[in-house]
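Residue-level structural notes
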Amino acid sequence: MYEFDYRRAASVEDAVAALRASGEAKILAGGMTLLPTCKMRLARPSQLVDLGRLQGLKGIEIGDADVTIRAMTRHADVAASAELRRALPALAGLAAGIGDAQVRNRGTIGGSVANNDPAADYPSACLGLAATIVTDRREIAADDFFQGLFQTALAEDEIIVAIRFPRPVAAAYEKFKNPASRYATVGVFVARSASGVRVAVTGASENGVFRATAIEAALQGSFTPDAAATIRVPSKGLASDFHGSADYRAHLIPVLAARAVQTCLSQA
Amino acid sequence: MQSVTLTINGKPVTAEVEGRTLLVKLLRETLGMTGTHVGCDTTQCGACTVLFNGDAVKSCTILAVQADGGDVTTIEGVATGEELHPVQEAFRTHHGLQCGFCTPGMVMRAIDLLAKNPRPTEEEIRHEMEGNLCRCTGYHNIVAAVQAASGQTPIGH
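Residues numbered from 1 in each chain as written. Chains lettered and ligands numbered in written order. Predicted model: local features only at pLDDT ≥ 70, side-chain atom pairs only at ≥ 80, totals over all residues. Heavy atoms only, no water.

**Some words on the sheet that holds strand β4 (residues 60–62) of chain A**
Strands pair in a sheet through their backbones, by hydrogen bonds, and they do so in one of two ways: parallel or antiparallel. Residue and element names in this part refer to chain A. In spatial order, the strands read β4-β5-β8-β6-β7; together these 5 strands make up an open sheet with antiparallel pairing. The two strands at the open ends of the sheet, each matched to only one other strand, are β4 and β7 (139–141). Within this sheet the neighbouring strands show an average axis-to-axis angle of 20 degrees, counted without direction. Inspection of the sheet shows β4 paired to strand β5 (residues 66–70) by 3 bridges, in the antiparallel sense. Looking at the pairing, I62 lines up with V67 of β5. (Pairing = 2+ DSSP bridges. Helix = DSSP H or I, 4+ residues; strand = E, 2+ residues; numbered from the N terminus. Axes fitted to C-alpha atoms, helices over the stretch in contact; angles between N-to-C directions.)

Below, the structure is given as structure tokens:
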């Protein structure tokens, strides 16, 4: 790692001030992406601003209409929450499948969403559930938040404080995981709510998480595994690498969507 | 440089570190506690696993300054005198190691797993131990050792 200053944020406002004071400062959440990136010398922050001691950024609140998870809540805490397993089991299950146990003991939802890795799990839940990203200054709809490969609507000095997920009628996440990293080769999040069906896909696109609108339309007509499975997804714009070709990923999307629909139906 | 104070294996330790000093570097190079191994240094292999405030973490991917004020348990801290920890004993009995390089991390991860899930199924053990790699591919006996340590009949017995 290159040298950097370490600053333990005293508050969210303090962290924002630190980002404003230096354009090369970076927020440190769980560090499960940022620290390996620094170790590879792929990033050279002047300062790491650690949110780790801000207790106000930790916790899960279950409301009648929605679930709010504060930004510094670890994947392990999301996975282990008995209340969340009842209220939104798809989200708890998603968290239980991120990385590995040691990563889940450090990594945070806010860090994952802010990073917007094209193969990360949480962005698909945010987009699939039409979540709201709550920052230190505003609220951003998931549809507006994810803007491409590692790109988000966050300003340079803006910090996520929580994610608010509307509670669906049913939801499920199916991941075809890379067996080494457990990142999604393809991951599909299906959510059915009073306002309709949403299908969000991670891992597949060169531009990060996206909605599979053709599958959404088919499921709107008939919420059955077959309705999803018969849709052919074009491979144009999908990622092609040694984990899988674009055609292979295109094939996986309706397959995983159908499995997720089956899981949704079994919840009813 | 800044000063950090941690409790390591029950004893308070104060050291001067840089912002970029990793917890594993503090353990191995500053404190000479070489039981915690570095296998990959890229957050994948889990050989450097220690308990931090009761949770298994990869000590190659946490800064010493992040751990300031916390409680760290390493492989050196789990036995009681000459008496091995039950997980260590199970690894010995069931030959849950071949070259032994990954073993400190495997043992620390298994201790964390069993503290939170005292009787895990074989599937749960395999899932929960995914963050620890054994390049000898000796997983079968590692799973057997974790089962035995949890008072269950090990696979293959």
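Further notes follow.
**Concerning the domain arrangement of chain B**
Residues and elements named next belong to chain B. Split into domains, chain B comes out as domain 1 (2–76) and domain 2 (86–149). When each unit is reduced to the centre of its C-alpha atoms, the spacing between domain 1 and domain 2 is 21 Å. Each partner contributes to the interface: domain 1 provides 18 residues, whereas domain 2 provides 14 residues. Approximately 1,200 Å² of surface area, both sides summed, lies buried where domain 1 meets domain 2, with 64% of it carried by carbon and sulfur atoms. Ranking the residues of domain 1 by area buried against domain 2 places H37, T49 and I75 at the top, with a combined share of 38%. (Domains from an automatic or database assignment. Contact = heavy atoms within 4.5 Å. Buried area = accessible area lost by both parts, 1.4 Å probe.)

**Quick notes on the sheet that holds strand β11 (residues 196–202) of chain A**
Residues and elements named next belong to chain A. Strand order in this open sheet of 4 strands is β9-β10-β11-β12, and the pairing throughout is antiparallel. Strands at the two margins of the open sheet, each flanked by one partner only, are β9 (170–177) and β12 (210–211). Sitting on the sheet, helix α5 (residues 89–96) touches β9 and β10 (184–193), and the angle it makes with β9 is about 20 degrees. On top of the sheet, helix α12 (residues 246–267) reaches β9, β10, β11 and β12; it is set at about 145 degrees to β9, its chief contact.

**Let's talk about the environment of A:H75**
All names here are of chain A. Topologically, H75 is positioned in helix α3 (residues 75–80). Using a relative accessible area of 5% as the deciding quantity, one classes H75 as buried. Setting aside residues no more than four positions away along its own chain, H75 makes contact with A95, I98, V103, R104, G107, T108, I109, S112 and Y122. (Buried < 20%, exposed > 50% of the residue type's maximum accessible area, 1.4 Å probe, protein only.)

**Observations concerning the nonpolar core**
Soluble globular proteins: nonpolar side chains tend toward being buried together. If you look at the biggest cluster of nonpolar residues, it comprises 39 residues, and the most contacted ones within it are A:V113, A:Y122, A:C126, A:F145, A:I163, A:F165 and A:F189. The contacts of A:F145, once residues within four sequence positions are left out, are A:V113, A:I133, A:I140, A:Q151, A:T152, A:A153, A:L154 and A:I160. In this structure, B:V4, B:V13, B:L22 and B:V57 belong to the second largest nonpolar core, which totals 32 residues. (Core = buried A, V, L, I, M, F, W, Y, C linked by side-chain atoms within 4.5 Å.)

**Topic: the domain arrangement of chain A**
According to the domain assignment, chain A contains domain 1 (1–50) and domain 2 (170–267). Between domain 1 of chain A and domain 2 of chain A, the C-alpha centre-to-centre distance is 34 Å.

**Considerations on α12(A)**
Residues and elements named next belong to chain A. End to end, α12 covers 32 Å across 22 residues, agreeing with the expected 32 Å (1.5 Å per residue, within 8%). Looking at α12, one finds that the buried residues are A246, R249, A250, L252, I253, P254, L256, A257, A258, A260, V261 and C264. Each element contacted by the buried residues of α12 is listed here: β9, β10, β11, β12, α10 (213–221) and α11 (225–229). (Expected span 1.5 Å × (residues − 1).)

**Things to note about the pattern of salt bridges**
Under the defined criterion, the tally for this structure stands at 29 salt bridges over all chains. Note that A:D241 is salt-bridged to A:R249, the shortest N-O span being 3.2 Å. On the basis of relative accessible area, A:D241 is assigned to the partly exposed category, the value being 35%. A:R249 sits in the buried class, given a relative accessible area of 3%. As a salt-bridge pair, B:D55 and B:K116 come within 2.5 Å of each other at their nearest N and O atoms. Of this pair, B:D55 sits in strand β4 (residues 55–58) while B:K116 sits in helix α3 (residues 103–116), and the two are 61 residues apart along the sequence. Sharing partners across several salt bridges, the network here consists of A:R74, A:D77, A:R104, B:D55, B:R109, B:D112, B:K116 and B:E128. (Salt bridge = Lys/Arg side-chain N within 4 Å of Asp/Glu carboxyl O.)

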